[in-house]
Amino acid sequence: MDGEVILLDAYASMFGMRLRIALAEKGVKYEYREENLPKKSPFLFQMNPIHKKVPVLIHNGKPICESLIALQYIDEVWHDKNPLLPSDPYKRAQARLWADFVDQKVHTLGRKTWSAKGEEQEAAKKEFIEALKVLEGELGEKPYFGGEEFGYVDVALIPFYSWFHAYETCGNFKIGTQCPKFVAWTKRSMQRESVSKSLADPEKVYDFFLILKKHFGVE
Amino acid sequence: MREANNSSVVVVDFWGNGFGMRVRIALEEKGIKYEYREEDLTNPQRSQLVLDMNPVRKSVPILIHRGQPVCDSAAILEYIDETWKDGFPSLLPRDPYDRAIARFWTDFVDNKVFSTQAMFLRSKGDRAKEESKNELIGELKQLEAVLGDEQYFGGANFGYLDVVLIPFSSMFYGYESHGNFKLEEECPKLSDWVKRCLARDSVRKVLPDSVEMYELHKKFYGIE
């Protein structure tokens, strides 16, 4: 019925976590295959020759790469249960835009909080908090970015929470105290089984992060 | 705000913006009448309309439908396809996997091709220029492989990925002049596809003159 679903992933990948959450929300049975980053398997290169990255969703032998594209694919194929994107075209456009904001700002700036040095790092930390505050503004008084229901933007964003411990430790700053509304939303989201089961443990993420840092030669 | 509500569909864009051309071509393909508002991107200061309608990114294109703004060209294309659906030609295919493929190559165009061509136009020195030129040609060849022997990226019909990529063709003359090569020799199938697209009213109406596009980019990238 669901067909053969394989998720090529890495435990600490926030992009992979998105797909784990979505598949859990939809109740889809799948085979999870861990990639041993930074060493990549030939199978990964075969499934994602262009970007050579995880996650890759493989449905009935056909690969879907890029997490937001795979997220939309999951939502369209398993459209009957827990829809992630709203049905109204305008609201869908807004959701797509905010998911893109998460990729452009939260991810890029989050990475800079540990990879940059000196003034550049300080600027990145400040901009990262500002980006979270913009998201707080968008959330407003709603329980989720999707409104009453946990949705597309929530799925796109919540995995980054598992990386906050790594960002805070490396960047020597506190995120939660500056963004209380954001913290409240993360707690609410973590109450969902799909999220609590899919998110990587922050300590394990930090360990992986240290390996990554060494691999990229950042001290 | 009052001005934007006069028309049901308004497009705020710049004549030389490839991302905006996509939006205009999509509307033309669907036969949707729209009011065009030019935003002068050669002026670093953004207009109040853009600041009001797109406060987060402050960029164009912006589609304003019934007074509500939709931003980001890919999101706008999907909005256009979803809003003007029944009785209109479709941009995205029906099958979820085909849709994922169209979105994947759109992401490739937006994130790889766009930055490679910027790097190519910006490059200083013969070696850097040659390297980035080869990278750009390589990426165009990858897209050509996706096209295969089909008429369009959408198969028999002009579709989403065609709309996404065709605006770049207005800079092909510029790339050729800058890099001293002929795209027809490097990517013959892609060149045929460009000719096929240019035969469409929507594309002919929206795409600017190639020489003017190159002059615009020369100024922007500081090319002699």
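As a starting point, this report considers the structure included with it. (Residues numbered from 1 in each chain as written. Chains lettered and ligands numbered in written order. Predicted model: local features only at pLDDT ≥ 70, side-chain atom pairs only at ≥ 80, totals over all residues. Heavy atoms only, no water.)

**Topic: the overall build of chain A**
Here is step 1: Of regular secondary structure, chain A possesses 10 helices and 4 strands.
Here is step 2: Counting from the amino terminus, helix and strand elements in chain A follow one another as β-α-β-α-β-β-α-α-α-α-α-α-α-α.
Here is step 3: In summary, chain A has a C-alpha radius of gyration of 17 Å against a globular reference of 17 Å for 219 residues, a match within 12%.
Here is step 4: If one aligns the C-alpha atoms of chain A with their principal axes, the spans along those axes are about 50 × 45 × 25 Å. (Helix = DSSP H or I, 4+ residues; strand = E, 2+ residues; numbered from the N terminus. Rg over C-alpha atoms; globule rule 2.2 N^0.38 Å.)

**Some words on the layout of surface pockets**
Summary: where empty space remains is shown by rolling a probe the size of a single water molecule over the atoms.
Here is step 1: Space inside the second largest pocket adds up to approximately 510 Å³.
Here is step 2: Along the wall of the second largest pocket there are 19 residues; nearest its centre are E76(A), R92(A), E82(B), K85(B) and R99(B).
Here is step 3: With 3 residues, the top contributor of residues to the lining of the second largest pocket is helix α3 (residues 73-83) of chain B.
Here is step 4: Residues that form the lining of the second largest pocket fall into these classes: 7 nonpolar, 3 polar and 9 charged. (1 Å grid on protein atoms, 1.4 Å probe; cavity = no way out; pocket = protein on both sides within 12 Å on 5 of 7 lines; lining within 4 Å. Points joined across faces, edges and corners; volume = space filled by probe spheres on them. Nonpolar A, V, L, I, M, F, W, Y, C, P; charged D, E, K, R; others polar.)

**Description of the packing of aromatic side chains**
All names here are of chain A.
Here is step 1: Under the counting rule described, the total for this entry stands at 29 aromatic pairs over all chains.
Here is step 2: Residues F128 and Y167 carry aromatic rings whose centres are separated by 5.5 Å and whose planes lie at 75° to one another, so their mutual orientation is edge-to-face. Taken together, the residues span a long stretch of sequence, with F128 in helix α5 (residues 118-139) and Y167 in helix α7 (residues 164-171) at a distance of 39 residues.
Here is step 3: A ring pair is formed by W163 and Y167, whose centres lie 6.1 Å apart and whose planes are at 40°; its orientation type is tilted.
Here is step 4: For W163, a relative accessible area of 4% gives the class buried.
Here is step 5: Exposure remark for Y167: the relative accessible area of 1% places this residue in the buried category. (Phe/Tyr/Trp six-rings, centres within 6.5 Å; stacked < 30°, edge-to-face > 60°. Buried < 20%, exposed > 50% of the residue type's maximum accessible area, 1.4 Å probe, protein only.)

**Digging into the packing of helix α4 (residues 96-122) of chain B against helix α5 (residues 126-147) of chain B**
Two quantities define a packed helix pair, namely the angle between the helix axes and the distance between the axes.
Residues and elements named next belong to chain B.
Here is step 1: Relative to each other, α4 and α5 sit at 155°, their axes nearing to 8 Å. The angle between α4 and α5 falls in the class roughly antiparallel. Along this stretch, α4 crosses α5, giving a crossing that reads as left-handed. Counted together, W105, F108, V109, K112, V113, T116, Q117, M119 and F120 of α4 and K129, S132, K133, E135, L136, E139, Q142, L143 and V146 of α5 form the full contact between these two elements.
Here is step 2: In the contact of α4 with α5, the residues fall into 9 nonpolar, 4 polar and 5 charged. (Axes fitted to C-alpha atoms, helices over the stretch in contact; angles between N-to-C directions. Parallel < 35°, antiparallel > 145°, perpendicular 65-115°, else oblique. Left-handed = near helix turned anticlockwise from the far one by under 90°. Contact = heavy atoms within 4.5 Å.)

**Some thoughts on the pattern of salt bridges**
Here is step 1: Applying the stated criterion across every chain, the model contains 32 salt bridges over all chains.
Here is step 2: Taking the shortest distance from any N to any O, the salt bridge between K30(B) and D81(B) comes out at 2.7 Å. Of this pair, K30(B) sits in helix α1 (residues 18-30) while D81(B) sits in helix α3; the two residues are 51 residues apart in sequence, bridging distant segments of the chain. Per residue, the accessibility class of K30(B) equals that of D81(B), and both read buried.
Here is step 3: Here the residues in one salt-bridge network are E76(A), R92(A), R96(A), E78(B), E82(B), R99(B) and R103(B), joined through shared partners. (Salt bridge = Lys/Arg side-chain N within 4 Å of Asp/Glu carboxyl O.)

**What to know about the interface of chain A and chain B**
Here is step 1: Taken together, the contact between chain A and chain B spans 22 residues of the former and 23 residues of the latter.
Here is step 2: Note on chain A versus chain B: buried area summed over both sides is about 2100 Å², and carbon and sulfur give 63% of it.
Here is step 3: Scanning the region where chain A abuts chain B turns up 6 salt bridges.
Here is step 4: Two residues, R96(A) and E82(B), come together in a salt bridge whose shortest N-O distance is 3.2 Å.
Here is step 5: In this structure, the connection of chain A to chain B is made through 9 residue pairs in polar contact (both at pLDDT 80 or more).
Here is step 6: At the level of elements, β4 (62-65), α3 (67-77) and α4 (89-115) of chain A are the ones that each hand at least two residues to the side of chain A that touches chain B.
Here is step 7: Top contributing element to the side of chain A that touches chain B by residue count: α4(A), with 10 residues. (Buried area = accessible area lost by both parts, 1.4 Å probe. Polar contact = N/O pair within 3.5 Å; in protein donor to acceptor, adjacent residues only side chain to side chain.)

**Re the nonpolar core**
Here is step 1: The biggest cluster of nonpolar side chains holds 138 residues, and the ones touching the most others in it are L57(A), F128(A), W163(A), Y167(A), L63(B) and W193(B).
Here is step 2: Leaving out residues up to four positions away in the same chain, L63(B) has contacts with V9(B), V10(B), V11(B), V23(B), L27(B), Q68(B), P69(B), V70(B), I76(B), Y79(B) and I80(B).
Here is step 3: Counting 10 residues, the second-largest nonpolar core is a separate cluster that includes V10(B), V12(B), M53(B) and I62(B). (Core = buried A, V, L, I, M, F, W, Y, C linked by side-chain atoms within 4.5 Å.)

**Comments concerning helix α7 (residues 172-179) of chain B**
Residues and elements named next belong to chain B.
Here is step 1: Here α7 lies mainly inside the structure; 6 of its 8 residues are buried.
Here is step 2: In the core, the buried residues of α7 are packed alongside α4, α5, α8 (183-186), α9 (188-198) and α11 (210-221).
Here is step 3: N180, located one to two residues past α7, shows a positive phi value of around 55°.

**Describing the sheet that holds strand β3 (residues 56-59) of chain A**
Residue and element names in this part refer to chain A.
Here is step 1: Taken in spatial order, the 4 strands of this open sheet run β2-β1-β3-β4, and their pairing is mixed. Among the strands making up the open sheet, the edge pair consists of β2 (31-34) and β4. Neighbour-to-neighbour, the strand axes of this sheet turn through a mean angle of 20°, independent of strand direction.
Here is step 2: Relative to β4, β3 runs antiparallel, the two sharing 4 bridges. By the bridge assignment for β4, H59 is matched with K62.
Here is step 3: The strands touched by helix α1 (residues 14-25) within the sheet are β1 (5-9), β2 and β3, with β1 carrying the most contacts at an inclination of about 155°. (Pairing = 2+ DSSP bridges.)

**Structural notes on a positive patch on the surface**
Here is step 1: A cluster of basic residues, K40(A), K52(A), K53(A), R111(A) and K112(B), forms a positive patch on the protein surface.
Here is step 2: Considering the arrangement of structural elements, one finds K112(B) in helix α4. (Patch = residues over 30% accessible without salt bridge, like charges linked within 9 Å, V, L, I, M, F, W, Y side chains within 5 Å. Areas by Shrake-Rupley, 256 points an atom, 1.4 Å probe, with all protein chains shown as cover. Lys, Arg positive; Asp, Glu negative; His and termini not counted. Charge placed at Lys NZ, Arg CZ, Asp CG, Glu CD.)

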